[in-house]
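# A look at the structure
Chain residues, written in single-letter form:
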Amino acid sequence: MNLAGNRVAVWNNPSVQKHGWVLAVVNQKGGVGKTTTAINLSAGLALAGDLTLLVDADPQANATSGLGIDPRDQPRDLFTLIQNRLANPQFQVSEDIPLETRSPNLHLLPASIDLAGTDLLLASQIARESILRHLLNPLRERYRWIIIDTPPSLGILTINALTVADGLIVPVQCEYYALEGLTQLLQTVDLVRQHLNPRLEIWKVVLTMYDARTRLAEQVESEVRKFFGAKVAQVVIPRNVRISESPSFGQPVIEYDPRSRGAQAYHELVQEVKNYAASCTR
């Protein structure tokens, strides 16, 4: 019996009331495992049987290439969709626009380097913080999960992601100054909650690149758990060579080497996220 297929079929049944979750993976500090977390969280949710959409909102397009898709040859990338929405306020993302990936139940809205021009494109637009919400909200009826990989900054693309998201996944690297910059992120989250998206909250803070052999990792973990409390995921993502290798093969680590420590950790994170969603009220 194909339980995963049955769950997708139920989700796609128009007679069933449903409303997908939108999660943004965010940290304005680069090199913290943000894209890796976005890819593997999305792939893990899809492997669990949930139709999932990964939105690459980072001009570096690493989430796109990390799934084995060339970002240089995508006529319907996210930047083009934003342009279409500006030209036609009635424009919606049709079912044939998201790309199917090699991972079952996982679709992608790819990025391109053109996204670097989004700030300039939206500079004079009214309600420029909400264009991603207009594009993605209708897709909640199709996808159980929509995961947004954001740029390492607090620019207009990240603000758009915060405006549409129900929750945030915040990767934090286990290194000195791990909490540096997070104060600004928390202030931005508060502002977005007050003025644009009152339901926004942090779902999980995820410790990444954890090396259990070092005292530093233990100290950082203690500091982060003291600061964020129960928001910190129980599982930590280890520093693992398989995680580093998998993007060059265009695969999430949970598919590239399912038995690796990195893959197992991301599977645990997926379950924590699903459990948190089950505890939430709309």
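Residues numbered from 1 in each chain as written. Predicted model: local features only at pLDDT ≥ 70, side-chain atom pairs only at ≥ 80, totals over all residues. Heavy atoms only, no water.

## What about the pairing of strand β4 (residues 106-109)?
Working note: regular strand, side chains alternate between the two faces of the sheet. Going residue by residue along β4, you find Leu106 and Leu108 tucked away on one face and His107 and Leu109 tucked away on the opposite face as well. Taken together, the four bridges between strand β2 (residues 52-56) and β4 define a ladder with parallel strand orientation. In the strand pairing of β4, Leu53 is matched with His107. Two strands pair when backbone bridges link them, and strand β3 (residues 99-100) and β4 are joined in this way by two bridges, in the antiparallel orientation. By the bridge assignment for β4, Glu100 is matched with His107. Here β3 hands over to β4 after five residues, with Asn105 in that stretch at a positive phi of 70°. (Buried < 20%, exposed > 50% of the residue type's maximum accessible area, 1.4 Å probe, protein only. Helix = DSSP H or I, 4+ residues; strand = E, 2+ residues; numbered from the N terminus. Pairing = 2+ DSSP bridges.)

## Notes on the pairing of strand β6 (residues 167-173)
The element β6 is largely enclosed, with a buried count of seven among its seven residues. Judged by which residues are buried, β6 turns out to be covered on both faces: Gly167, Ile169, Pro171 and Gln173 on one side and Leu168, Val170 and Val172 on the other are all buried. Of the pairings in the sheet, the one linking strand β1 (residues 21-25) to β6 comprises three bridges and is parallel in character. Looking at the pairing, Leu23 lines up with Gly167 of β6. Two elements, β6 and strand β7 (residues 201-208), share seven bridges in a ladder whose sense is parallel. Paired with Leu168 across the strands is Ile202, a residue of β7.

## Considerations on the pattern of salt bridges
Scanning the entire structure with this criterion turns up 15 salt bridges. Note that Arg193 is salt-bridged to Asp190, the shortest N-O span being 2.8 Å. Highlighted residues: Arg193 and Asp190, both in helix α8 (residues 182-195), separated by three residues, approximately one helical turn. Of the residues examined, Asp190 reaches a relative accessible area of 35% and is grouped as partly exposed. One salt bridge connects Arg242 with Asp257, and the closest N-O pair in it is separated by 3.0 Å. Here the residue Arg242 occupies a position in helix α10 (residues 241-245), and Asp257 occupies one in the loop between α11 (253-256) and α12 (261-279), the gap between them amounting to 15 residues. Take Arg242: its relative accessible area is 31%, and that puts it in the partly exposed class. Via salt bridges that share partners, Lys34, Asp58 and Asp149 belong to a single interconnected network. (Salt bridge = Lys/Arg side-chain N within 4 Å of Asp/Glu carboxyl O.)

## What to know about the nonpolar core
Within the largest apolar cluster, 55 residues are counted, with the highest numbers of intra-cluster contacts made by Leu136, Ile148, Leu168, Val170 and Val224. Top contributing element to this core by residue count: helix α7 (residues 156-164), with six residues. Sequence-distant contacts of Val170, that is, excluding residues within four places in its chain, are made with Val26, Asn27, Leu182, Leu185, Ile202, Lys204, Val205 and Val206. If you look at the next biggest cluster of nonpolar residues, it comprises 35 residues, including Leu45, Leu108, Ile237 and Ala263. (Core = buried A, V, L, I, M, F, W, Y, C linked by side-chain atoms within 4.5 Å. Contact = heavy atoms within 4.5 Å.)

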